[in-house]
Amino acid sequence: MDNWDEIRTAYQVARLGTVSGAAEVLGVHHATVIRHIDALEGRLGVKLFQRHARGYTATEAGHDLARVAQTTDDQFQLLSGRIRGRGEGVSGELLVTSLINFAPLMVGALSSFREAYPEVIVRYLTDTRVFRLEYGEAHVALRAGSVPQEPDNVVQKFDQQAIALYGSRAYVAENGMPASPEDLVNHWFVGYDDIDSKAPFHRWLMERVPADRLVFRVSDSRLQETAIRSGAGLGFMTVMEGSADPDLVQVMPSQEDWSSPLWLVTHVDLHRTPKVQAFLKHLKEYAADRCGK
């Protein structure tokens, strides 16, 4: 398989279903598309498409080839972004990832970073999966938990966010404050839908209250914060967020074993680039200012 142009053409035909559509996307004449498909089918000895009046429909072999071609094309796009990230100036795309619960910190840091470097285009992606920096999926990742172990990554200790137990004033007015940790069994809680979540505060709570006291379960921390504010139950959130909301009451102060260490992760190939270094410095200073450190 030594002709990527032909494979890319087949992928676009399978994706779009027409020769004209593939030709437009690839910027070639429709005759070139037909020639590529015919040559590829001849070389492989199989039919990749069924031809009909409405266009081209991929056969099973065509679908198999298209899946492999899409993966390869995606990797080329990621590599292109990674190469662009090696530029000498602080400009172009800056791709940063984290869990959604770090959005208040990261959005503020990224916004003020853009003010300082207006030629930067920010891409901020949140997901529970670990983005693969070696494939150019991110320039900087903020991660929580045990120290990241992927090879060829540069890992820096960032912070350890304080986590406390909060409730809305409406909830406290109706249900009262827990008199002690033992009294938690008499209250209702908001928490993760995954009852086996490894979040330290979640494990701590599940050791002290029955699972049926966790009556409002959500998929991520932003939904959890919204449910706590609505009075659905007590729940955990960062002190930074909780203390900024006058409608929330801190039910139990932060405990060290409720929080996880935070790590800034970059790939060794991009770590020393001006853009990545500028953002790392800015993020650390922004976090220190916001937390009063």
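Preceding this section is the structure that the text describes.
Residues numbered from 1 in each chain as written. Predicted model: local features only at pLDDT ≥ 70, side-chain atom pairs only at ≥ 80, totals over all residues. Heavy atoms only, no water.

Asks: What exactly am I supposed to notice about the overall build of the protein chain here?
Replies: A count of helices and strands for the protein chain gives 10 helices and 12 strands. The globule rule puts the C-alpha radius of gyration for 293 residues at 19 Å, and the 26 Å found for the protein chain is more than 25% above it. Considering only C-alpha atoms, the protein chain reaches an extent of 80 × 45 × 30 Å along its principal axes. In the protein chain, which comprises 293 residues, the share counted as buried stands at 44%. A total of about 15,200 Å² of accessible surface is found on the protein chain, and carbon and sulfur atoms cover 51% of it. (Helix = DSSP H or I, 4+ residues; strand = E, 2+ residues; numbered from the N terminus. Rg over C-alpha atoms; globule rule 2.2 N^0.38 Å. Buried < 20%, exposed > 50% of the residue type's maximum accessible area, 1.4 Å probe, protein only. Areas by Shrake-Rupley, 256 points an atom, 1.4 Å probe, with all protein chains shown as cover.)

Asks: Which parts of the structure should I look at to understand a nonpolar patch on the surface?
Replies: On the surface, Trp 188, Val 215 and Phe 216 cluster together to form a nonpolar patch covering roughly 260 Å² of accessible area. Along the chain, Trp 188 turns up in the loop between α6 (169-175) and β8 (189-192). (Patch = residues over 30% accessible without salt bridge, like charges linked within 9 Å, V, L, I, M, F, W, Y side chains within 5 Å. Salt bridge = Lys/Arg side-chain N within 4 Å of Asp/Glu carboxyl O.)

Asks: Would you mind going over unusual backbone geometry with me for this structure?
Replies: With the exception of glycine, the majority of residues adopt a negative phi angle, and the majority of peptide bonds are in the trans configuration. For Asp 152, which is not glycine, the phi torsion reads 70° and is therefore positive. Assessed through its relative accessible area of 52%, Asp 152 is described here as exposed.

Asks: When you look at the packing of helix α1 (residues 4-16) against helix α3 (residues 30-44) in this model, what are you seeing that I'm missing?
Replies: Put simply, α1 and α3 touch, their axes get as near as 9 Å, and they point 110° apart. It follows from the interaxial angle that α1 and α3 lie roughly perpendicular. Side by side, α1 and α3 meet where Asp 5, Glu 6, Ile 7, Thr 9, Ala 10 and Val 13 of the first sit next to Val 33, His 36, Ile 37, Ala 39, Leu 40 and Arg 43 of the second. Each residue belonging to the contact of α1 with α3 can be placed in one class, and the counts come to 7 nonpolar, 2 polar and 3 charged. (Axes fitted to C-alpha atoms, helices over the stretch in contact; angles between N-to-C directions. Parallel < 35°, antiparallel > 145°, perpendicular 65-115°, else oblique. Contact = heavy atoms within 4.5 Å. Nonpolar A, V, L, I, M, F, W, Y, C, P; charged D, E, K, R; others polar.)

Asks: Explain the packing of aromatic side chains to me, please; I cannot follow it from the model alone.
Replies: For any pair of aromatic rings, geometry is given as the distance between the ring centres together with the angle between the planes. Using the criterion set out here, one finds 8 aromatic pairs in the structure. Plain terms: the ring middles of Phe 113 and Tyr 117 are 4.8 Å apart, the flat faces sit at 45° to each other, and that makes the pair tilted. Taking 4.9 Å as the distance between ring centres and 80° as the angle between the ring planes, the aromatic pair formed by Phe 236 and Trp 258 counts as edge-to-face. Of this pair, Phe 236 sits in strand β10 (residues 235-238) while Trp 258 sits in the loop between β11 (248-252) and β12 (262-267); the two residues are 22 residues apart in sequence, bridging distant segments of the chain. Judged by its relative accessible area of 4%, Phe 236 is buried. (Phe/Tyr/Trp six-rings, centres within 6.5 Å; stacked < 30°, edge-to-face > 60°.)

Asks: Help me out: how do you make sense of the sheet that holds β11 in this one?
Replies: In a beta sheet, neighbouring strands pair by backbone hydrogen bonds and run either parallel or antiparallel. The strand order across the open sheet built from 3 strands is β10-β7-β11, with neighbouring strands paired in antiparallel fashion. Bordering the open sheet on either side are β10 and β11, each of which pairs with just one other strand. Across the sheet, the mean angle separating the axes of adjacent strands is 55° when strand polarity is ignored. One ladder, built from 4 bridges, connects strand β7 (residues 163-168) with β10; its direction is antiparallel. Bridge pairing in β10 places Leu 165 opposite Phe 236. Here helix α8 (residues 221-229) sits on the sheet in contact with β7, β10 and β11, set at roughly 120° to β10. (Pairing = 2+ DSSP bridges.)

Asks: Looking at this structure, I do not really get the side chain of Ser 259. What am I missing?
Replies: Along the polypeptide, Ser 259 turns up in the loop between β11 and β12. Of the polar contacts made by the side chain of Ser 259, one reaches the backbone oxygen of Glu 256; its length is 3.3 Å. If sequence neighbours within four positions are ignored, Ser 259 has contacts with Gln 160, Gln 161, Ile 163 and Pro 200. (Polar contact = N/O pair within 3.5 Å; in protein donor to acceptor, adjacent residues only side chain to side chain.)

Asks: Which parts of the structure should I look at to understand the pairing of strand β9 (residues 214-218)?
Replies: Every other side chain in a regular strand lies on the same face of the sheet, so the side chains alternate between the two faces. Bridge analysis of β8 against β9 gives 4 bridges, and the strand direction is parallel. Of the residues in β9, the one forming a bridge with Gly 191 is Arg 217. As for the winding sense of the linkage, the β-α-β connection from β8 through helix α7 (residues 200-206) to β9 is right-handed. (Right-handed = clockwise from strand over helix to strand, strands pointing away.)

Asks: Please explain the environment of Gln 161 as it appears in this structure.
Replies: Among the secondary structure elements, Gln 161 is positioned in the loop between β6 (153-159) and β7. Taking relative accessible area as the criterion, Gln 161 reaches 13% and is therefore assigned buried. The sequence separation of Gln 161 and Thr 9 amounts to 152 residues, and the corresponding C-alpha distance is 49 Å. Apart from residues lying up to four places away in sequence, Gln 161 is in contact with Phe 102, Thr 238, Ser 259, Ser 260 and Leu 262.

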